[in-house]
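The primary structure of each chain is shown beneath.
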Amino acid sequence: MKRGFSIEQLRNIGIAAHIDAGKTTTTERILFYSGRIHKVGEVHEGTATMDWMPQERERGITITSAVTTVEWKGCRINIIDTPGHVDFTIEVERSLRVLDGVVVVLSAVEGVQPQSETVWRQATRYEVPRIVFVNKMDRVGADFFRVVADMREKLRAPVVPIQVPMGAEDNFLGVIDIIERKAYMWIGDKSGRDYEVSDVPDEYKKIVEDCREKLVEHVVENDEALLDKYMNGEEISLEEIKTGIRKSTIENKLIPVLCGTAFKNKGIQQLMDAVVDYLPSPSDIPPVKGINPKTEETEIRLPSEDEPIAALAFKIVSDPYVGRLTYIRVYSGEIKAGSYIYNVNKRSKERVARLLQMHANHREEIPAVYAGDLCAVVGLRDTVTGDTLAQEDKPIILESIHVPEPVISVA
Ligand code: GDP
């Protein structure tokens, strides 16, 4: 384990949303809670940490696919900035190619909007596991269960709530974790704590038990051993439910739904817990495939640092300080700073001068990256988006990025 932690502790996620649903705010709050930004007040409207380009700031949309690394509960989470505007579906597609799971942010008022449908279809095509965050629970007209029904109807998605909101609009008080039967009641920042954990209030007991029953049914359907237990009337343990949700989510048979209001920091920490608990690590997804250009045979690369190198360049950014930055996803092997790498598409050797990991407010130079990692490389000259980097003696061209179907719906 050269990286210092295991591949199981990695999450590569995107945050996707219809414009205005709250993707930027949710991302900022995740950065805040993971300790990389010190005060919420440091992030002002229009100057979100991930909005790097002035053009984005002007338009209020996010068009880069840069990666930001945060830590939460012993996991390293790479957040791939997925564009949220209808014009940039190709970029969305590119980022979907390199991430392992997506947090879909929907507005509790607007529900499923045209762009959420587009992103959803793309994620479905790539079989990307998802969790849904129903945001803006504080707004007038917010209705969690209507949004869940909307997703089932419009997206035909196997969405299952794992939380129940306590109240809505001005009276949105917190969320209940239906798995653990715990209520997270927000108490505001003044006390230094965000929420108080308590038992499920009486008036929510029935809905929590109803929802829990549906969730458990969904989980056992996807696991024979659990189904036997369930049919015999045995209790399914908390751990079994959680493991079952994770398995079903990774297999795209279940999409857990949570809620909150990013704006007021409610529900964000529970959302991050869910990212760690339910979205896959790079070792949970099928190994990548590609063509060996010498033999023209299909080969796979396992997500292991001991395999031959296979990495995909997915974004090139011109950086004012270091020049050309090539964002890569490493699928297998180990890439060291200062080494040479083979661009299989261009049939040329490239020097990996430096490897950078981007955090919310600083960049860190790292000596090496391993299977599962995402990073920015300084020094690659010829590499363009979509090129595969490998070892010269073990070449592979990874499956290329899809060109999406024409987008008909307009936001
Ligand atoms: P994006 O376009 O999806 O990135 O959305 P933003 O994060 O920029 O949010 C769009 C607008 O909604 C901004 O004015 C936010 O301040 C606001 N907003 C975000 N989250 C919430 C929320 O939970 N409640 C309310 N009332 N407003 C929110």
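An unreviewed UniProt entry annotates the protein as Elongation factor G originating from Thermodesulfobium narugense DSM 14796. As stated in UniProt under Sequence similarities (unreviewed entry), the record for the protein gives "Belongs to the TRAFAC class translation factor GTPase superfamily. Classic translation factor GTPase family. EF-G/EF-2 subfamily." Check the Subcellular location (unreviewed entry) section of the UniProt entry for the protein; it says "Cytoplasm".

Draft legend 1. Looking closely at the packing of aromatic side chains. Tallying each qualifying case throughout the model produces 6 aromatic pairs. With a centroid separation of 5.1 Å and 75° between ring planes, the pair formed by Phe 144 and Phe 145 is classed as edge-to-face. Exposure remark for Phe 144: the relative accessible area of 2% places this residue in the buried category. Exposure remark for Phe 145: the relative accessible area of 32% places this residue in the partly exposed category. A centroid spacing of 5.1 Å and a plane angle of 80° characterise the contact between Tyr 184 and Tyr 195, whose relative ring orientation is edge-to-face. Within this pair, whereas Tyr 184 is found in strand β9 (residues 182–186), its partner Tyr 195 is found in strand β10 (residues 195–199), the two being separated by 11 residues in sequence. For Tyr 184, a relative accessible area of 11% corresponds to the buried category. A relative accessible area of 21% places Tyr 195 in the partly exposed class. An aromatic cluster of at least three residues, connected via ring pairs, comprises Phe 172, Tyr 184, Trp 186 and Tyr 195.

Draft legend 2. Structural context of the environment of Asp 143. Within the element layout of this structure, Asp 143 appears in the loop between β5 (130–135) and α5 (144–155). You can call Asp 143 partly exposed: its relative accessible area is 32%. Residues Asp 143 and Ile 30, spaced 113 residues apart in sequence, show a C-alpha to C-alpha distance of 23 Å. Separated by 3.3 Å, the side chain of Asp 143 and the backbone nitrogen of Phe 145 make a polar contact.

Draft legend 3. Just the site of the ligand, in detail. The full set close to the ligand counts 15 residues, and Asp 20, Lys 23, Thr 24, Thr 25 and Asp 138 are the nearest of them. Here an oxygen atom of the ligand and a backbone polar atom of Asp 20 are 2.7 Å apart. One nitrogen or oxygen atom from the side chain of Asn 135 is found 3.0 Å from an oxygen atom belonging to the ligand. For the ligand, whose free accessible area comes to 570 Å², the fraction covered by protein is 82%. Top element by residues in the shell around the ligand is helix α1 (residues 23–33). It accounts for 3 residues. Along the lines of polarity and charge, the residues of the shell around the ligand split into 4 nonpolar, 6 polar and 5 charged.

Draft legend 4. Representation of the pairing of strand β14 (residues 310–319) within the structure. The element β14 is largely enclosed, with a buried count of 7 among its 10 residues. Taken together, the 9 bridges between β14 and strand β15 (residues 323–332) define a ladder with antiparallel strand orientation. Looking across to β15, one finds that Ile 316 is bridged to Thr 326. In this sheet, strand β23 (residues 388–390) lies alongside β14 in antiparallel orientation, the contact comprising 3 bridges. Bridging from a neighbouring strand, Leu 312 pairs with Thr 388 of β23.

Draft legend 5. Examining the packing of helix α8 (residues 238–250) against helix α9 (residues 268–278) more closely. At a minimum axis separation of 9 Å, α8 and α9 run at an interaxial angle of 75°. When the axes of α8 and α9 are compared, the pair comes out roughly perpendicular. Taken together, the residues of α9 that come into contact with α8 (itself represented by Lys 242, Ile 245, Arg 246, Thr 249 and Ile 250) are Val 276, Asp 277 and Tyr 278.

Cut-offs used in this document
- Residues numbered from 1 in each chain as written.
- Predicted model: local features only at pLDDT ≥ 70, side-chain atom pairs only at ≥ 80, totals over all residues.
- Heavy atoms only, no water.
- UniProt positions renumbered as here; feature names shortened; annotations may be inferred.
- Phe/Tyr/Trp six-rings, centres within 6.5 Å; stacked < 30°, edge-to-face > 60°.
- Buried < 20%, exposed > 50% of the residue type's maximum accessible area, 1.4 Å probe, protein only.
- Helix = DSSP H or I, 4+ residues; strand = E, 2+ residues; numbered from the N terminus.
- Polar contact = N/O pair within 3.5 Å; in protein donor to acceptor, adjacent residues only side chain to side chain.
- Near = heavy atom within 4 Å.
- Areas by Shrake-Rupley, 256 points an atom, 1.4 Å probe, with all protein chains shown as cover.
- Nonpolar A, V, L, I, M, F, W, Y, C, P; charged D, E, K, R; others polar.
- Pairing = 2+ DSSP bridges.
- Axes fitted to C-alpha atoms, helices over the stretch in contact; angles between N-to-C directions.
- Parallel < 35°, antiparallel > 145°, perpendicular 65-115°, else oblique.
- Contact = heavy atoms within 4.5 Å.

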